[in-house]
Structures are given as C-alpha cells and as structure tokens.
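Now for the letters of each chain:
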Amino acid sequence: MTPPAHPLAPAPAKEAVARRIQGAGERLVALSHRIHAHPELGFEETLASQWVADALADAGYEVRHGCYDLPTAVHATIGDGPVHVGICAEYDALPDLGHACGHNVIAAAAVGAATGLAALADDLGLTVTVLGTPAEEGGGGKVLMLERGAFDGLDAAMMVHPAATEMLAMPLLAMSQFEVSYRGRPAHAGAWPEQGVNAADAMTVAQVALGLLRQQTRADDRVHGIVTGAGTAPNVIPDHARGRWIIRSGTAKALAELAPRVHRCFEAGAVATGCALDLEPAGPDYADLRHDASLLRLYRANAEALGRIFPEVPPGSAVGAATDMGNVSHVVPTIHPMLGLDCPGVGNHQPGFTAASVTPTADRAVLDGATALAWTAADLAAGAGVGAAAGG
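All values reported here derive from a predicted model rather than from experimental measurement. (Residues numbered from 1 in each chain as written. Predicted model: local features only at pLDDT ≥ 70, side-chain atom pairs only at ≥ 80, totals over all residues. Heavy atoms only, no water.)

Participant: Sorry, what's going on with the overall build of the protein here?
Facilitator: For the protein, the helix and strand inventory stands at 12 helices and 12 strands. Radius of gyration (C-alpha) of the protein: 23 Å, near the 21 Å computed for a compact globule of 392 residues. For the C-alpha atoms alone, the extent of the protein along its principal axes is close to 80 × 40 × 40 Å. Taking the contacts inside the protein whose residues are at least 6 apart along the sequence as the reference set, 79% of them involve residues at least 24 apart. Within the structure as shown, the protein displays about 15800 Å² of accessible surface, and the carbon and sulfur contribution to it stands at 54%. (Helix = DSSP H or I, 4+ residues; strand = E, 2+ residues; numbered from the N terminus. Rg over C-alpha atoms; globule rule 2.2 N^0.38 Å. Contact = heavy atoms within 4.5 Å. Areas by Shrake-Rupley, 256 points an atom, 1.4 Å probe, with all protein chains shown as cover.)

Following this line, the structure appears as structure tokens:
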C-alpha cells in the first residue's frame, strides 16, 4: 500500500501502519465473519463486544468492558500523544435480518485501525481511544455514552460504515422514535359491537391522518412505523392496539417542528374513537450528522490512495437513514464515510445486504477502512487540524 502523495504524516510511519493492518488481516476478517455469524440485538451484543474487547487487549490497549453503565460498551485506550482520536465500533444486528447494516465490517475495521496505530501512537503524537458502542439500531448507545462522558476530550471521532456504494459524506437525518398504545373496550363484534371502543380503529385513523399530513411536510421528512398489535380475534372488538413509529427530518430543529404535528395525528385517533392514548419515547433522539470538512479531505486522500472511488453526490440530496453518530458530531468533529460493497440494487436493511457483508469485497472494505482511518488519524496528529467547529 502506498500512502497518498504529499502526506502530512511521514510516509514510512504510514507504511508501518499499513503493514500492521495487513499482518492482522486474517484475524480482522475472521472477526468480521464471526460477528456476522452470531447476530445480536442492541444492548445484547455480549459475544461481539467481548470479541472486540479481547482483540483490542491483544493489540496492547488498556480495555474496559461493560463501562458507562452499559454491559456491552467498550472503552480502549493507548498512547499519550497530544492529539486524541476516537474510533467507533458498532456491532448490533437487526431483528430477523441479522447484519443487514454491516456492523460486523464496522467493528472489524475499527479494531484494524486500532491495531495499525497501537505501536506507533506515541511516535505519531496520538492518543487513540476505541469506543465499542452498542445499540446503534435505535437504542442510541452513542447518545448514552456521550452523555456519560465517553467522548470527553476527543479532538476527533471517526468510523466507517458499509453501503452499496462508496460515499464520503452521506447526508443523514435527525430521528425520533416512539411507542404508541391505544386502550379501548372489548365487546362481541357480532352481537354487541356498540359496547366496544375499538383500539384498532384508532390506529387506522392515525395512519390516515399521517398520510394526509405528508402532503404538507418537507422533502426530507420521513414518518414510518409498524403496528405491532391490534386485537387477537376477528369476533372481538380490539381493546388494545400498539405500534412503533419513527420521525425523521433534515435537522434537529426541523425534527422538533415536525414531531408535534405527527403526535397530533395519533391524538386524532384517540379523539375519533374514544380510546385512551399513550405515546412513549422508544429511545433517545438522533441528531443530524455534521461531517467535518477538513477531516473528510484527509480521509478522502487516504481512501483514494487505496483505490477507493467516490462518486459525486448531487447537492441537496438526502438519505433517509439516521445514526447516533449524529449526536457525537454536534460535540466533536466527526466523520462517518461509507465503504462501498459493490452491490448495486441492494441497500442496507435488506436481506441481500446481509449476504453482501461477508463477501470478499466486504473483507477488502474491512482492511481498506481500517487503513484509511488509521492514516487519517496519523495525518491529523501531524498537524492538519480540524474545522473550528463540528461541521468543518
């Protein structure tokens, strides 16, 4: 591997980092495959978090496992340099789909970057912290860790994430999620329907109201959800209906404006049917992701030196996804580039992406992502600096 031309960090140091990552390549790919073969849901990543912690300890890091009041969180540190870089690992899976978001690749790439930097951190002027962050898929592990001090003192926070195609700065939205519960009164649906208060009807009214609301929302607003329960027998008026819903918008401010309008749609269901309504948060809100421009320039040069190619993203385009890394980006200069797995037509959260996350292309992404992150950290320590504020 040849570092990019005119490197900020010395080329021999970057070559040494790359050699260490390549030397650990088989172990890193094996870690990715092992996590993929044992999918665990958010806050239940017992195996994956232990494997990540063990790999970091083997690389020489001082490791804490089960920290920040989260049993599957990991904090690992090495070096005593003046520039403190955080590298984030994710390892939770999706219900029924397994690793359809490729978090196995994220975890292995984070461990790879940490492995490459371990022996050289002090020489490069780095303190390196790896944070194993549980429950990105809705649980907001990074939000909780951020509130509890895990990101304190970092000069930059970095991670890579697999996707169908390479992308330097995917536009990611702010997000709020909540549980909906209607309570009515049961009755015989054929004999005495007039005695019932239909909770399933309340959910239907709410969904109709949401459909009408969408005409008056912004282009990057999203409202979507599932009904998780609405009765148990067709001859009984349902007295309970439950669902889980997500609201997304381009910024945290826009989300705060949209959320009350969505909530009123569910209130309409209660008013129309006479049901009682409960709305409860299903996890912390996610902020929109602010990419640090100067860090992105460093990452791009390093990734392109490895042969990664970044297609142009049309200005103003938005992807409806969200991440708890967004909250971090409002406090610490952050990057979250996407590693293309060369699977056109197959996107994250689809069964095909689960399969794509353990292909040879995904294995290469683990090593390229690790190397690009490690080289970017080295460049940062060499004096590149980051934007004056998160967002560059």
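Participant: When you look at the environment of Phe43 in this model, what are you seeing that I'm missing?
Facilitator: Looking at the secondary structure, you find Phe43 in the loop between helix H2 (25–37) and helix H3 (46–58). Separated by 277 residues in the primary sequence, Phe43 and Gly320 place their C-alpha atoms 24 Å from one another. Setting aside residues no more than four positions away along its own chain, Phe43 makes contact with Leu70, Thr72, Pro134, Ala135, Gly139, Gly141 and Leu144.

Participant: I keep staring at the packing of aromatic side chains and nothing clicks. Help me out?
Facilitator: The way to describe two aromatic rings as a pair is by their centre distance and the angle between their planes. Applying the stated rule across the entire model yields 3 aromatic pairs. With 5.6 Å between their ring centres and 85 degrees between their planes, Phe178 and Phe266 make a pair best called edge-to-face. Of this pair, Phe178 sits in strand E7 (residues 174–183) while Phe266 sits in helix H8 (residues 252–273), placing them 88 residues apart in sequence. In this structure Phe178 comes out as buried when scored by relative accessible area, which is 3%. For Phe266, a relative accessible area of 0% gives the class buried. Feature note: the residues Phe178, Trp245 and Phe266 constitute an aromatic cluster, connected by ring pairs. The side chain of Arg34 reaches across the aromatic face of Trp51, ending 5.3 Å from its centre. (Phe/Tyr/Trp six-rings, centres within 6.5 Å; stacked < 30°, edge-to-face > 60°. Buried < 20%, exposed > 50% of the residue type's maximum accessible area, 1.4 Å probe, protein only. Lys NZ or Arg CZ within 6 Å of the ring centre and 35° of its normal.)

Participant: Looking at this structure, how should I read the sheet that holds E7?
Facilitator: Consider a sheet: its strands pair through backbone hydrogen bonds, and that pairing is either parallel or antiparallel. Taking strand neighbours across the sheet as the criterion, the 4 strands line up as E8-E9-E7-E10 in an open arrangement whose pairing is antiparallel. The open sheet has two free edges, formed respectively by strand E8 (222–230) and strand E10 (276–281), since each of these has just one partner strand. Looking at each pair of strands side by side, their axes are set apart by 20 degrees on average, direction ignored. Taken together, the 8 bridges between E8 and strand E9 (residues 240–249) define a ladder with antiparallel strand orientation. (Pairing = 2+ DSSP bridges. Axes fitted to C-alpha atoms, helices over the stretch in contact; angles between N-to-C directions.)

Participant: Just to check I follow, could you spell out the nonpolar core for this structure?
Facilitator: Among soluble globular proteins, nonpolar side chains are generally buried collectively. Counting 71 residues, the largest nonpolar core has Leu56, Tyr61, Leu117, Leu126 and Tyr299 as its most contacted members. For this core, the leading source of residues is helix H12 (residues 360–384), giving 13 residues. The residues touching Leu117, leaving out its near neighbours within four places in the chain, are Val17, Tyr61, Ile87, Leu124, Leu126, Val128, Ala374 and Ala377. By size, the runner-up hydrophobic cluster in this structure holds 24 residues, among which are Cys67, Leu144, Val328 and Val332. (Core = buried A, V, L, I, M, F, W, Y, C linked by side-chain atoms within 4.5 Å.)

Participant: Help me understand the pattern of salt bridges in this model?
Facilitator: Opposite charge on two side chains makes pairing possible when the charged atoms of those side chains draw close. One pass over the full model with this rule turns up 12 salt bridges. In this structure, Arg300 engages Glu304 in a salt bridge whose closest nitrogen and oxygen atoms are separated by 2.8 Å. Residue Arg300 and its partner Glu304 are located together in helix H9 (residues 293–305), separated by 4 residues, close to a single helical turn. Take Arg300: its relative accessible area is 27%, and that puts it in the partly exposed class. One network of salt bridges, in which partners are shared, links Glu166, Arg308, Arg364 and Asp368. (Salt bridge = Lys/Arg side-chain N within 4 Å of Asp/Glu carboxyl O.)

Participant: Got a minute to help me understand the environment of Val236 in this structure?
Facilitator: By secondary structure assignment, the location of Val236 is in the loop between E8 and E9. Owing to a relative accessible area of 36%, Val236 belongs among the partly exposed residues under this scheme. A C-alpha to C-alpha distance of 8.5 Å links Val236 and Pro193, two positions 43 residues apart in sequence. When residues no more than four places from it in sequence are discounted, the contact partners of Val236 are Pro186, Ala187 and Ala189.

Participant: How do you make sense of the sheet that holds strand E4 (residues 126–133) when you look at a structure like this?
Facilitator: What the 6 strands build is an open sheet, ordered E1-E2-E4-E3-E5-E11; its pairing is mixed. Edge positions in the sheet fall to strand E1 (62–65) and strand E11 (334–335), since each has one partner strand and no second. Against the sheet, helix H4 (residues 103–118) engages strand E2 (74–78), strand E3 (83–90) and E4, with an angle of about 150 degrees to E3.

Participant: Please explain the packing of H3 against H4 as it appears in this structure.
Facilitator: Helices that pack against each other are described as a pair by the angle of their axes relative to one another and the distance between those axes. At a closest axis distance of 10 Å, the pairing of H3 and H4 adopts a crossing angle of 10 degrees. Comparing their axes, H4 and H3 come out roughly parallel. The handedness of the crossing between H3 and H4 comes out as right-handed. Counting all contacts with H3, which are made through Val52, Ala55 and Leu56, the residues of H4 involved are Ala107, Val111 and Ala114. For the contact of H3 with H4, a count of residues per class yields 6 nonpolar, no polar and no charged. (Parallel < 35°, antiparallel > 145°, perpendicular 65-115°, else oblique. Left-handed = near helix turned anticlockwise from the far one by under 90°. Nonpolar A, V, L, I, M, F, W, Y, C, P; charged D, E, K, R; others polar.)

In short, geometric facts, not functional conclusions.
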